[in-house]
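# Observations on chain architecture
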Amino acid sequence: MIAINGTAVLIGFAMGAAMSAVFFAGLALGMRAALRSAQPVRTLILSAALRIALFLGVGWAVVSQVGPWAFAGYAAAFLILRLIVTSLAKDPAKDPAKD
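Sequence order as written defines the numbering, with residues in each chain counted from 1. Only residues with pLDDT of at least 70 get local features here, since the model is predicted, and only at 80 or more are side-chain atom pairs given and counted; chain-wide, interface and lining totals rely on the full set of residues. Note: side-chain values were computed over all heavy atoms of the structure, leaving out hydrogens and water.

### As for the overall build of the chain
What counts as a helix is a DSSP run of H or I of at least four residues, what counts as a strand is a run of E of at least two, and both are numbered from the N terminus. The secondary structure content of the chain amounts to 3 helices and 0 strands. Each helix (α) and strand (β) of the chain, taken in turn from the N terminus, gives the series α-α-α. Taking 13 Å as the expected radius of gyration for a compact globule of 99 residues, we find that the chain reaches 17 Å, considerably beyond that expectation. In terms of principal-axis extent, the alpha carbons of the chain reach across some 50 × 40 × 15 Å. Relative accessibility under 20% of the residue-type maximum defines a buried residue, over 50% an exposed one, and the middle range a partly exposed one, all with a 1.4 Å probe and only protein chains included. Buried residues in the chain amount to 23% of all 99 residues. At a minimum sequence separation of 6, the contacts of the chain that also span at least 24 residues come to 72%. Radius of gyration here is computed from C-alpha atoms only, and the compact-globule reference equals 2.2 Å multiplied by the residue count raised to the power 0.38. Residue contacts are defined here by distance: any two heavy atoms, one from each residue, within 4.5 Å place the two residues in contact.

Right under this line is the structure:
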């Protein structure tokens, strides 16, 4: 039977939730900056590169310090926050349920 390290999963989840919040906040800031920029593609590429590097770097550090089960929590937190953020970011004007 596989022994699951619950503490590592919870640490990974907590760090993943915090980093996911930073990731999506950076996405929002990057989109706003790109919409005001004369060169939006450059702004979006820089924003994406910084966000991805930070997210993966912290994830690697957490997994190397806590253990491989932290990766499961880290990934689960990202997926859950992604679902929440995308559902909150939908345009209410295009919501067919309000018609």
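That covers the picture; the talk isn't over yet.
### Remarks on the packing of helix 2 (residues 40-66) against helix 3 (residues 69-88)
Axis separation between helix 2 and helix 3 bottoms out at 8 Å; the angle between their running directions is 150°. Relative to helix 3, helix 2 is oriented roughly antiparallel. For the pair helix 2 and helix 3, the contacting residues are Phe55, Val58, Gly59, Val62, Val63 and Val66 in the first and Ala70, Phe71, Tyr74 and Phe78 in the second. Every angle, taken between N-to-C directions, lies between 0 and 180 degrees, and every axis is a line fitted to C-alpha atoms, over only the stretch in contact when it is a helix. An angle below 35 degrees is read as roughly parallel, one above 145 as roughly antiparallel, one from 65 to 115 as roughly perpendicular, and any other as oblique.

### Here we look at the nonpolar core
One recurring pattern in soluble globular proteins: nonpolar side chains tend to sit buried together. Nonpolar cores were defined as sets of buried Ala, Val, Leu, Ile, Met, Phe, Trp, Tyr and Cys residues, with membership established by side-chain atoms within 4.5 Å. Met19, Phe23, Phe24, Phe55, Val58, Val62, Ala70, Tyr74 and Phe78 together form the largest nonpolar core, which totals 9 residues. Among the secondary structure elements, those contributing two or more residues to this core are helix 1 (6-36), helix 2 and helix 3. Leave out the neighbours within four places in its chain, and Tyr74 touches Gly12, Phe13, Met15, Gly16, Met19, Phe55, Val58 and Gly59.

### Here's the deal with the packing of helix 1 against helix 2
For the pair helix 1 and helix 2, interaxial distance at closest approach is 9 Å and the crossing angle is 170°. Between helix 1 and helix 2, the interaxial angle falls into the category roughly antiparallel. Throughout this entry, Asp, Glu, Lys and Arg are counted as charged residues, while Ala, Val, Leu, Ile, Met, Phe, Trp, Tyr, Cys and Pro are counted as nonpolar. The remaining residues, Gly among them, count as polar. The residue inventory of the contact of helix 1 with helix 2, partitioned by class, reads 18 nonpolar, 6 polar and 1 charged.

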